[in-house]
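Here are the chains, one letter per residue:
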Amino acid sequence: MEKRVLYLECESGISGDMTVAALLDLGADQEKLQKALKSLLVGGFRTVISRVKKSGLDMCDFDVVLDQAHENHDHDMEYLHGHSHDHEHHGHDHEEHGHDHEEHDHGHEGHDHGHEGHHHGHGPEGHGHSHDHVHEHRGLPEILHIIAHADLTERAKETAARIFRILAAAEAKAHGVPEDQVHFHEVGAVDSIVDIVAAAVCLDDLDITDVVITKLNEGQGTIRCQHGILPVPVPAVMNIVQAHGLPLHITGIQGELVTPTGAAIAAAVRTGAKLPDVFTIKKTGMGAGKRNYEGPGMLRAMLIEEGGEDRDRIWKLETNIDDCTGESLGYTMERLMEAGARDVHYLPVYMKKNRPAYQLNVLCTEEDVERMEQIVFEETTTIGIRRVPMDRTILRRESLTVQTPLGDAKVKVCRYGGTERYFPEYDSVVSLCRAGKKHYQEVYQMVRKACGE
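Residues numbered from 1 in each chain as written. Predicted model: local features only at pLDDT ≥ 70, side-chain atom pairs only at ≥ 80, totals over all residues. Heavy atoms only, no water.

*Asks:* Break down the overall build of the chain for me, with residues and values.
*Replies:* When its secondary structure is counted, the chain shows 13 helices and 19 strands. Of the roughly 22,000 Å² of accessible surface on the chain, 48% is carried by carbon and sulfur atoms. (Helix = DSSP H or I, 4+ residues; strand = E, 2+ residues; numbered from the N terminus. Areas by Shrake-Rupley, 256 points an atom, 1.4 Å probe, with all protein chains shown as cover.)

*Asks:* Before we move on, could you go through the packing of aromatic side chains and cite the residues and values that matter?
*Replies:* This model, assessed by the stated rule, comprises three aromatic pairs. Note on Y346 and Y358: the rings are 6.5 Å apart at their centroids and 80° apart in plane angle, and the pair reads as edge-to-face. Separated by 12 residues along the polypeptide, Y346 in strand β15 (residues 343-350) and Y358 in strand β16 (residues 356-364) bring together distant segments of the chain. With a relative accessible area of 21%, Y346 lands in the partly exposed category. Measuring from centroid to centroid gives 6.0 Å for Y426 and Y440, while their planes differ by 40°, and the two rings are tilted. Of the two residues, Y426 is situated in helix α12 (residues 426-436) and Y440 in helix α13 (residues 440-450); the sequence distance between them amounts to 14 residues. (Phe/Tyr/Trp six-rings, centres within 6.5 Å; stacked < 30°, edge-to-face > 60°. Buried < 20%, exposed > 50% of the residue type's maximum accessible area, 1.4 Å probe, protein only.)

*Asks:* Residues and numbers for the layout of surface pockets, please.
*Replies:* Taken as a whole, the second largest pocket holds about 230 Å³ of empty space. Along the wall of the second largest pocket there are 14 residues; nearest its centre are R155, T159, R162, I208 and T209. Elements that contribute at least two residues to the lining of the second largest pocket include exactly α5 (154-175), α7 (190-205), β7 (210-212) and α9 (260-269). When its residues are assigned to classes, the lining of the second largest pocket shows seven nonpolar, three polar and four charged. (1 Å grid on protein atoms, 1.4 Å probe; cavity = no way out; pocket = protein on both sides within 12 Å on 5 of 7 lines; lining within 4 Å. Points joined across faces, edges and corners; volume = space filled by probe spheres on them. Nonpolar A, V, L, I, M, F, W, Y, C, P; charged D, E, K, R; others polar.)

*Asks:* Break down the pairing of strand β18 (residues 407-416) for me, with residues and values.
*Replies:* Strand direction decides the pairing type here: strand β17 (residues 386-404) and β18, joined by nine bridges, are antiparallel. Looking at the pairing, L400 lines up with V411 of β18. Following β17, the chain reverses through two residues before pairing antiparallel with β18. The sheet contact formed by β18 and strand β19 (residues 419-424) spans six bridges and is antiparallel. (Pairing = 2+ DSSP bridges.)

*Asks:* Which residues make up unusual backbone geometry, and what are the values?
*Replies:* What you tend to see is this: most non-glycine residues have negative phi, and most peptide bonds are trans. A cis amide bond links V232 with the next residue in sequence, P233, at an omega value of 0°. Summarising the element assignment, P233 is placed in the loop between β10 (228-231) and α8 (235-244). At S55, a residue that is not glycine, the phi angle is positive and equals roughly 55°. Even without being glycine, N354 reaches a positive phi, approximately 60°.

*Asks:* Run through helix α11 (residues 369-379), naming residues and quoting values.
*Replies:* Here α11 has its buried residues at V369, M372, E373, I375 and V376. With its buried residues spanning 160° around the axis, α11 presents them on a single face. (Arc of directions from axis to C-beta.)

*Asks:* Run through the pairing of strand β1 (residues 5-9), naming residues and quoting values.
*Replies:* Here β1 lies mainly inside the structure; five of its five residues are buried. Here β1 shows two buried faces, one formed by V5, Y7 and E9 and the other by L6 and L8. Two elements, β1 and strand β13 (residues 298-306), share five bridges in a ladder whose sense is antiparallel. Note on β13: the bridge partner recorded for L6 is L303. As paired elements, β1 and β7 share three bridges and run parallel to each other. Within the sheet, the bridge partner assigned to V5 lies in β7 and is D210.

*Asks:* How would you sum up the packing of helix α2 (residues 30-38) against α7? Please name residues and give values.
*Replies:* Between α2 and α7, whose axes approach to 10 Å, the crossing angle comes to 140°. Taken together, α2 and α7 sit at an angle that is classed as oblique. Crossing of α2 against α7: the hand is right-handed. Of α7, the residues touching α2 (which contributes K32, L33, A36 and L37) are V194, V197, A198, V201, C202 and D205. Considering only residue class, the contact of α2 with α7 consists of eight nonpolar, no polar and two charged. (Axes fitted to C-alpha atoms, helices over the stretch in contact; angles between N-to-C directions. Parallel < 35°, antiparallel > 145°, perpendicular 65-115°, else oblique. Left-handed = near helix turned anticlockwise from the far one by under 90°. Contact = heavy atoms within 4.5 Å.)

*Asks:* Outline the pattern of salt bridges, listing residues and values.
*Replies:* Overall, the coordinates contain 20 salt bridges when judged by the stated rule. Across the pair E9 and R300 runs a salt bridge, and its minimum N-O distance is 2.7 Å. Residue E9 is located in strand β1, and its partner R300 is located in strand β13; the two are separated by 291 residues in the primary sequence. A relative accessible area of 16% means that E9 is categorised as buried. Overall, R300 belongs to the partly exposed group, its relative accessible area being 29%. (Salt bridge = Lys/Arg side-chain N within 4 Å of Asp/Glu carboxyl O.)

*Asks:* So what about the nonpolar core? Which residues, and what values?
*Replies:* Note on soluble globular proteins: their nonpolar side chains tend to be buried together. Grouped together as the largest cluster of nonpolar side chains are 73 residues, with contacts concentrated most on L6, L8, L24, L33, L37, F62 and I240. Counting residues per element, this core draws most heavily on α7, which supplies 11 residues. Excluding residues within four positions of it along the chain, L6 makes contact with L23, L26, L203, I208, D210, V211, V212, A301 and M302. Grouped together as the second largest cluster of nonpolar side chains are 16 residues, I321, L329, L360 and M372 included. (Core = buried A, V, L, I, M, F, W, Y, C linked by side-chain atoms within 4.5 Å.)

*Asks:* Quick rundown of α13? Include the residues and the values.
*Replies:* Restricting attention to buried positions, one finds in α13 the residues V443, Y444, M446 and V447. For α13, the buried positions fall inside an angular range of 160° around the axis, keeping them on one side. The outward face of α13, more than 90 degrees from its buried face, is lined by the exposed residues Q441 and K449. Residues of α13 that are buried sit in contact with β17, β18, β19 and α12. Count one or two residues on from α13 and you reach G452, which has phi positive near 95°.

*Asks:* Provide a residue-level description of the environment of Y426, including the pertinent values.
*Replies:* For Y426, a relative accessible area of 53% puts it in the exposed group. Sequence separation of Y426 and A409 is 17 residues, and the distance between their C-alpha atoms is 9.6 Å.

Okay, structure coming up:
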């Protein structure tokens with residue numbers, strides 16, 4: 001299976017809506033997403049996908065617009081900073097909106113959509129608000145039921161369920177209750193359900209197999225919620241970071257950059273914390289946040305591919321031998337190669353007392369050092385082996401099978417600087433030579449021609 005590696009650059013933190021927007025900008029199918037969201041057993045919302053500018057950069061915005069009964073004021077910036085708030089208007093904090101909005105109504109029967117209240121994430125999906133609105137305080141079992149009965153692929157369902165379980169565990173720990181008894185506004189809020197399911201659908205559509213997140217940049221200070229004043233990072237985010245070993249970097253920005261939903265998504269999908277030494281960027285997507293802090297509030301997502309050259313470490317074992325037969329040395333090489341040595345070769349040398357001898361060199365991985373040394377001691381007369389770790393640069397490579405008029409042949413393909421180099425495998429060429437009674441160079445060129453060269 002070919003790897004599809006996603007790098008999430010969380011310099012401005014991460015939230016649910018930022019993640020979805022970045023993945024849509026990366027090329028996730030909007031029609032598939034809207035079909036999936038319409039199948040949710042949840043009503044009272046519609047989604048708006050648009051282009052916005054932040055710090056002069058064009059990026060995608062994903063917005064969940066709620067009706068009056070489901071409106072989640074948790075995302076209102078003024079409230080978070082403790083100021084009075086006029087609920088008749090919920091403006092965006094983007095510098096400029098594009099005009100190519102795509103609006104999708106996901107209301108279900110029995111829900112009123114007469115009021116348009118905006119979803120204001122990049123905001124703490126996990127922080128309640130004591131307003132006289134009707135909220136559905138769903139628990140984890142209800143959420144998992146909604147996911148199980150939605151029109152999603154099995155992989156998308158598994159991803160969404162994993163994100164919610166991580167979020168539920170963090171909130172349960174924060175509130176001191178069992179996970180299956182958590183009934184809290186954070187997970188029950190319609191916009192959080194939509195954000196998480198949308199992220200899972202987009203990841204599935206892009207066929208992402210690996211996700212690299214090197215660190216989460218978080219702000220500092222405090223925010224206000226229904227329980228009072230909480231420090232940043234908030235307890236749910238801290239619990240997720242601790243439980244899943246997410247690298248966290250506290251910046252000097254006053255405010256919350258990592259939301260509980262964003263942290264849960266990162267924990268659920270992250271497979272690595274280190275970028276390849278060398279890679280190419282196939283495509284980039286940028287998702288806009290809703291708050292304005294110092295610097296652009298955005299999440300950048302990149303589809304990357306390890307390419308060109310790679311660096312690793314290999315071990316070189318060497319010893320000088322002046323009293324061993326050629327037959328023994330030949331057999332030693334065979335055993336070393338069969339045991340997994342990367343390379344084995346001999347060099348003619350002159351030792352003390354002008355004795356002609358051979359220097360045996362073995363290249364192997366660190367885990368094979370002990371086994372290689374054991375073979376050398378068993379099969380030769382040496383009484384000592386030198387070992388040296390060596391850094392090396394290698395081209396990325398893979399093995400292919402091509403068809404020739406004489407039959408199939410194996411070929412090694414190396415890639416560098418956007419070009420491909422083909423190297424027919426010796427054993428395959430020899431096999432075709434004998435089967436077709438052809439000369440080596442004739443068959444070698446035939447295999448190269450089959451590679452398109």
